[in-house]
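A closer look at the structure
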Amino acid sequence: MIGNGDESLSARATFRGELLRQRVHNGWTLAELSERTRYDGSYLQRLETGGRLGSIDAARVLDRTYGTGELLHNLWRLAKREAGASRFAGFGEAEAEATGIHEFSVSTVPGLLQTPGYAEALLRMEGPASEQVLAQQVQARIARQDRLTGSGALQYRGLLDESAIRRPVADRQVWADQLARLIQAAREPNISLQIVPFGIGPHPLVMSSVQLLWLPSGRTVAYIEGSWSGQLVQEIEDVERLRLSYDLLRDSALSTADSLALLATMLEDHTSCPTPHQT
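Now for a look at the structure at hand. Numbering of residues starts from 1 in every chain and runs along the sequence as written. The predicted nature of this model means local features are confined to residues of pLDDT at least 70 and side-chain atom pairs, given and counted, to a pLDDT of 80 or more, with totals for whole chains, interfaces and linings taken over all residues. Values reported for side chains reflect all heavy atoms of the structure, with hydrogen atoms and water molecules removed beforehand.

The numbering of helices and of strands both runs from the N terminus, where a helix is a DSSP run of H or I of at least 4 residues and a strand a run of E of at least 2. Broken down by element type, the chain carries 12 helices and six strands. Referenced to the eigenvectors of the C-alpha coordinate spread, the extents of the chain come out at roughly 75 × 45 × 40 Å. Within the span of the chain, comprising 279 residues, buried residues form 43% of the whole. Every residue pair with non-hydrogen atoms within 4.5 Å of one another is taken to be in contact. For the chain, the proportion of contacts with a sequence separation of at least 24, taken over those separated by at least 6, is 69%. Calculation of accessible area relied on Shrake-Rupley with a 1.4 Å probe; when residues are assessed, cover is drawn exclusively from the protein chains displayed. For the chain, the computed accessible surface area is about 15000 Å², with 52% contributed by carbon and sulfur atoms. Neither His nor the chain termini are counted; the positive set is Lys and Arg, and the negative set is Asp and Glu. Where a charge sits is defined by one atom per residue type, namely NZ (Lys), CZ (Arg), CG (Asp) or CD (Glu). Across the chain, the mean location of the 28 positive side-chain charges is 4 Å away from that of the 34 negative side-chain charges. Only protein chains enter the accessibility calculation, which uses a 1.4 Å probe; a residue is then buried when its area is under 20% of its type maximum, exposed when over 50%, and partly exposed in between.

Right, let's talk about helix α4 (residues 56-66) for a bit. Listed as buried for α4 are I56, A58, A59, V61, L62, D63 and Y66. Note on α4: the residue one or two positions beyond its end, G67, has a positive phi of about 70 degrees.

Let us look at the packing of helix α7 (residues 116-124) against helix α8 (residues 131-143). At a closest axis distance of 9 Å, the pairing of α7 and α8 adopts a crossing angle of 125 degrees. By the angle between their axes, α7 is oblique relative to α8. In this structure, α7 meets α8 at a crossing whose hand is right-handed. When α7 is examined against α8, the residues P116, A119, E120, L122, L123 and R124 are found in contact with a partner set consisting of E131, L134, Q137, V138, R141 and I142. Only Asp, Glu, Lys and Arg are considered charged, only Ala, Val, Leu, Ile, Met, Phe, Trp, Tyr, Cys and Pro nonpolar, and every remaining residue, Gly among them, polar. Class assignment for the residues of the contact of α7 with α8 results in seven nonpolar, one polar and four charged. Every axis in this analysis is a line fitted to C-alpha atoms, fitted for helices over the stretch in contact. Angles between the N-to-C directions lie between 0 and 180 degrees. Put simply, angles under 35 degrees are roughly parallel, angles over 145 are roughly antiparallel, angles from 65 to 115 are roughly perpendicular, and the rest are oblique. Each crossing is labelled by how the near helix is turned from the far one, with a counterclockwise turn of less than a right angle marking it left-handed and a clockwise turn marking it right-handed.

Below you can see the structure in the form of structure tokens.
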């Protein structure tokens, strides 16, 4: 669970709460627990605060140390299963609460910047759905964009792989509208867009799209998404590795000014090119 919701109902919260309860019940400090388990004290503290879930081996060692049978490692399994239960598990809550989002999109325009026409084209590729369901899906995706406007607008930085802007949808007008939307967004004070050019070659994020979400609590979580799967990442070390990869990729991207110029040139070329005749 993310934020200030009913976290007590999550398996992860139950797991970390039981870890703390067992240590307090035994009257041990973190240093004493570290000596008994041979795990670093800072690692054990992150387990108790929810900063990381840790490994099943650590849960088993803690079971033996506390004499709790299989309680802790069973709770760990439930927390791990909960984390992977849904492609979007926890993401909606995190995005709704986030004060800032840094995103890298590897192959498509990010959802927060899509036009209705472009969103519909992508959603149609995901499989058959009734027109009513499709319309609801488009509406839900576009509604998320409210976070980019108003007095509480979040700060958004987007890195778009060049493939995302070089792969148009079939409808030329829909693609023209999408390019125009990116140009408009790039000029907003709370939005920064940079294009990652093909020329930089392979990089650590080339296989998946990534979002880093800054939460009001001061925590940062990440969401990694591929074509068929997605995962909310909350472990501090994993988030930091993704953040470093993102920062290094940003250093290799075109500047915001050059990115805006490239988008403007693409829109001009697209609209000036005559529509090919259908045969």
